[in-house]
Amino acid sequence: MPAKKAIMKLSLYNTLTRKKEFFKPLKGNEVRMYTCGPTVYDYAHIGNLRAYLFEDLLRRTIEHAGFKVMHVMNITDVGHLTSDADTGEDKMEVGAKRENKTAWQIADFYTKSFLQDMERLHIKHPSILCKATDHIKEMIGLISALEKKGYTYALKDGIYFNTTRLKDYGKLAGLRKEDLKAGARVEMVQGKKNPTDFALWKFSPAGSKRQMEWKSPWGTGFPGWHIECSAMSMKYLGTTFDIHCGGVDHIAVHHTNEIAQSEAATGKKFVSVWLHGEFMLVDGKKMAKSLGNFYKLQDLVDKGFDPLAFRYLCLSTHYRSQLNFTLEALEKARNTLRNINDFYLRLKDAIKASKKSTKDKKTLGKLKKASAELDSCLLDDLNTPEALSRLFSMIHLVNKMMEEKKADSASMKFTHDYMLKINGIFQFLRKTEKLAEAEKKLIREREKARKIGDYKKSDEIRGKLKKMGIIIEDTSQGPRWKKTKK
Ligand code: AMP
Ligand code: ZN
């Protein structure tokens, strides 16, 4: 029988209790986690991507701690209105009009684009990726259960959830009933009993046919936005599960309403731990197309950045702090990433070149301590900035010893293996790059020229390679190359 993986102690900040808590799954060592996915009516912007990177960090850290994760993410391909107050148009239909395509084509195109972004950022694919339009039956079932229990009422434009029927409505956001009544929304749906009541099912407007609509016991129409996440999460993860996440903008409305409708329907607690990622600002402002500060991942790639530099930038700020994105900060992240990779390659070469095994107990002890601290930082509510500072102290220590030719093989091997392990979370190490045959030939020719002292020719070839995006460095172990066009 394979040995059981040891479980490390993990603490996470729970939005529901407003406290950092030791994390313990509800069942054994398997963590059931749901993350709200994209509304696929347009490209994801880098703020959205920050949210998915935070969730990937969470999943990978939970796995690093020794748990198994069952991760469900939805794709909102219907029912997310342009306003949170149940007014406005369905975003999918807006996308369809904008691009003169069908809503189904829009959903398909932007889902693919989202999945490509996830892949480029090394975000793990969820265990289950589910589309709202494939789960209309489950949503109707849930609304029917709420209707039977007396939580719903019908208006001209849809079926609504009565939020005053729940004693603890708003507990996630710390919303107080008095404030809720006083703070009625401007865009109120006519006839709504309370400002916080929300649509479970919207009717297709009389006389017009929507592209996406379904028959229901209440009339033809489409689901409200929140119901999909309750229906799909409970279908795949059970009525009570461990973790649910999203961006902070989801606390007050979307997640609050998910809790209300799920707990009203089942009479059970919906989720144990809620985690929320802070927002990303761009140049200190909210991202908006009108401000010209609106970036997609492809925009950064077009500027010559590696998507992993963006991943690194996001992970270098704590997920509960706002992150101010600037191109200068991205440039810095790119340089740091290069330095980490350069060090890693030098380390690999030095390990290969070391002839005998040596062990400097003091250095090894310091490295082990720093790596244990790094783990503790990550397991302490995903404190990535502190974790990275421990990694840099390891790198500085070993780098200095390598420069002074004093590095012992045990310390180098330990650092190498630990970097590889922790790369499972950060994804900062580049895959070994490959050279084309013609590029390899040029490098061999340059080496030949250098060996016979023809430095004019070797410099010429070096210049040629540079123009092709390949930098050559001569080291004691021979020439080393790296690609600059990344
Ligand atoms: P949406 O497609 O609007 O549901 O958003 C997808 C995810 O991105 C959600 O988890 C949002 O909370 C999150 N999000 C939206 N804007 C930002 C932002 N500027 N910074 C960080 N997360 C964001
Ligand atoms: Zn959701």
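None of these values were measured; they are calculated from a predicted model. Throughout this document, residue positions are counted from 1 along each chain, in the order its sequence is written. Chain letters and ligand numbers both follow the written order, the letters beginning at A and the numbers at 1. Totals for whole chains, interfaces and linings use all residues, but because this is a predicted model, local features are given only for residues with pLDDT of at least 70 and pairs of side-chain atoms are given and counted only at 80 or more. Side-chain calculation: all heavy atoms of the structure are included, whereas hydrogens and water are not.

Caption draft 1: Fine view of the pairing of strand S8 (residues 198-203). Relative accessibility decides the category of a residue: with a 1.4 Å probe and only protein chains considered, values under 20% of the type maximum give buried, values over 50% give exposed, and everything between is partly exposed. A run of DSSP states H or I qualifies as a helix once it reaches four residues; a run of E qualifies as a strand once it reaches two. Both are numbered from the N-terminal end. Summarising burial for S8: six of the six residues are buried, a large majority. Should DSSP find at least two bridges between two strands, the strands are taken to pair. Bridging between S8 and strand S9 (residues 221-223) involves three bridges; their strand directions are antiparallel. Among the inter-strand pairings, Trp201 is bridged to a residue of S9, identified as Pro223.

Caption draft 2: Structural view of the site of ligand 1. Only heavy atoms are used to decide nearness, and a residue is near a molecule or strand if one of them lies within 4 Å of it. Close contacts around ligand 1 come from 14 residues, with Gly47, Tyr52, Gly247, Asp249 and Met280 the closest. We define a polar contact as two N or O atoms separated by no more than 3.5 Å, with the added condition that, inside protein, one atom must be a possible hydrogen donor and the other a possible acceptor, whereas residues neighbouring each other in sequence contribute only through side-chain atom pairs. In the environment of ligand 1, an oxygen atom lies 3.3 Å from a nitrogen or oxygen atom belonging to the backbone of Thr39. The side chain of Asp249 places a nitrogen or oxygen atom 2.3 Å from an oxygen atom of ligand 1. With four residues, the top contributor of residues to the shell around ligand 1 is helix H1 (residues 46-64). We call Asp, Glu, Lys and Arg charged. Ala, Val, Leu, Ile, Met, Phe, Trp, Tyr, Cys and Pro are nonpolar, and the rest, Gly among them, are polar. Class assignment for the residues of the shell around ligand 1 results in five nonpolar, seven polar and two charged.

Caption draft 3: Highlighting the domain arrangement of the protein chain. Per the annotation, domain bounds derive from an automatic or database assignment of domains. According to the domain assignment, the protein chain consists of domain 1 (12-277), domain 2 (320-426) and domain 3 (437-483). Residue contacts follow a heavy-atom distance rule, with two residues in contact if any of their heavy atoms lie within 4.5 Å. Tallying the contact residues gives 14 residues for domain 1 and 16 residues for domain 2. A 1.4 Å probe defines the accessible area here, and the buried area is the portion of it lost by two parts on being joined, summed over both. It is Arg50, Leu57 and His64 in domain 1 that bury the most area against domain 2; as a group they hold 40% of the surface buried on that side. Salt bridge, as used here: a side-chain nitrogen of Lys or Arg that lies within 4 Å of a carboxyl oxygen of Asp or Glu. Here domain 1 is connected to domain 2 by one salt bridge. The partner of Asp380 in a salt bridge is Lys20, and the shortest N-O contact between them spans 2.7 Å. Our count for the contact surface shared by domain 1 and domain 2 stands at five residue pairs in polar contact (both at pLDDT 80 or more). Broken down by secondary-structure element, the contributors of at least two residues to the side of domain 1 that touches domain 2 are strand S1 (11-14), H1 and strand S11 (271-277). Residue contributions to the side of domain 1 that touches domain 2 peak at eight residues, all from H1.

Caption draft 4: Local environment of the sheet that holds S11. Read across the open sheet, the five strands follow the order S5-S4-S3-S10-S11; overall the sheet is parallel. With one partner strand each, in any of the chains shown, strand S5 (128-131) and S11 form the two edges of the open sheet. With strand direction ignored, the average angle separating the axes of adjacent strands in the sheet is 20°. Inspection of the sheet shows strand S3 (residues 30-35) paired to strand S4 (residues 68-75) by six bridges, in the parallel sense. By the bridge assignment for S4, Glu30 is matched with Lys68. Axis geometry follows a simple rule: fit a line to the C-alpha atoms, using only the stretch in contact for helices, then measure angles between N-to-C directions, giving values from 0 to 180 degrees. Packing of helix H6 (residues 225-237) onto the sheet brings it into contact with S3, S4, S5 and strand S10 (241-247), and relative to S4 it is tilted by some 150°.

Caption draft 5: Spatial organisation of the pattern of salt bridges. The tally for this structure, following the rule as stated, stands at 36 salt bridges. Residue Glu213 is joined to Lys209 by a salt bridge in which the shortest nitrogen-to-oxygen separation is 2.9 Å. Residue Lys209 is classed as exposed on the basis of its relative accessible area of 70%. Its salt-bridge partner being Lys440, residue Glu437 comes within 3.7 Å of it at the nearest N-O pair.

Caption draft 6: Expanded view of the nonpolar core. Only buried Ala, Val, Leu, Ile, Met, Phe, Trp, Tyr and Cys residues count toward a nonpolar core, and they belong to the same one when joined by side-chain atoms within 4.5 Å. Counting residues in hydrophobic clusters, the biggest one holds 124 residues, and the most contacted among them are Ile243, Phe310 and Phe325. Here this core gathers at least three residues from each of two domains, domain 1 (12-277) and domain 2 (320-426). Sequence-distant contacts of Phe325, that is, excluding residues within four places in its chain, are made with Ile46, Met280, Leu281, Val282, Asp283, Tyr295, Leu300, Phe310, Leu313 and Leu330. The next biggest cluster of nonpolar side chains, apart from the first, holds seven residues, and it includes Leu435, Leu442, Ile443 and Ile461.

Caption draft 7: A look at the coordination of the zinc ion (ligand 2). Summarising the metal site, the zinc ion (ligand 2) is bound by the protein donors Cys36 (SG), Cys229 (SG), His254 (NE2) and Glu258 (OE), whose distances to it range over 2.0 to 2.8 Å. Take Cys36: its relative accessible area is 6%, and that puts it in the buried class. Atoms are scored as donors when they are N, O or S and lie within 2.8 Å of the metal, with 3.2 Å used for Na, K and Ca; no water is included, so coordination may look incomplete.

Caption draft 8: Representation of the sheet that holds strand S6 (residues 152-155). With respect to topology, four strands assemble into an open sheet ordered S6-S7-S8-S9, the strand pairing being antiparallel. Among the strands making up the open sheet, the edge pair consists of S6 and S9. Strand-to-strand twist in this sheet, taken as the mean axis angle between neighbours without regard to direction, amounts to 25°. Set on the sheet, helix H4 (residues 136-148) makes contact with S6, strand S7 (158-161), S8 and S9; between it and S8 the angle comes to about 120°. Across the sheet, helix H7 (residues 251-266) touches S7 and S8, and the angle it forms with S8 is around 85°.

Caption draft 9: Up close: the packing of H6 against H7. Interhelical geometry of H6 versus H7 gives an angle of 55° and a closest axis separation of 9 Å. It follows that H6 is oblique to H7 by the angle criterion. Handedness of the H6/H7 crossing: right-handed. Every residue of H7 that contacts H6 at Trp225, His226, Ile227, Cys229, Ser230 and Met234 is listed here: Val253, His254, Asn257, Glu258, Gln261, Ser262 and Thr266. When the residues that make up the contact of H6 with H7 are grouped by side-chain class, the tally is five nonpolar, seven polar and one charged. Between 65 and 115 degrees an angle is taken as roughly perpendicular, under 35 as roughly parallel, over 145 as roughly antiparallel, and anywhere else as oblique. What makes a crossing left-handed is the near helix being turned counterclockwise from the far one by less than a right angle; a clockwise turn instead makes it right-handed.

Caption draft 10: Just the packing of aromatic side chains, in detail. Note on ring pairs: Phe, Tyr and Trp rings are taken, using the six-membered ring of Trp, and paired if centres are within 6.5 Å. Classes follow the plane angle, with under 30 degrees stacked, over 60 edge-to-face and the rest tilted. Under the criterion given, the structure shown has 17 aromatic pairs. Ring geometry for Phe270 versus Trp274: centroids 6.0 Å apart, planes at 55°, classification tilted. Relative accessible area serves as the criterion here: at 1%, Trp274 is assigned to the buried category. Seen from the ring of Phe22, Lys9 lies directly overhead, with NZ or CZ sitting 4.7 Å from the centre. Definition used: whenever NZ (Lys) or CZ (Arg) falls within 6 Å of the ring centre and also within 35 degrees of the ring normal, the charge is taken to sit over that ring.

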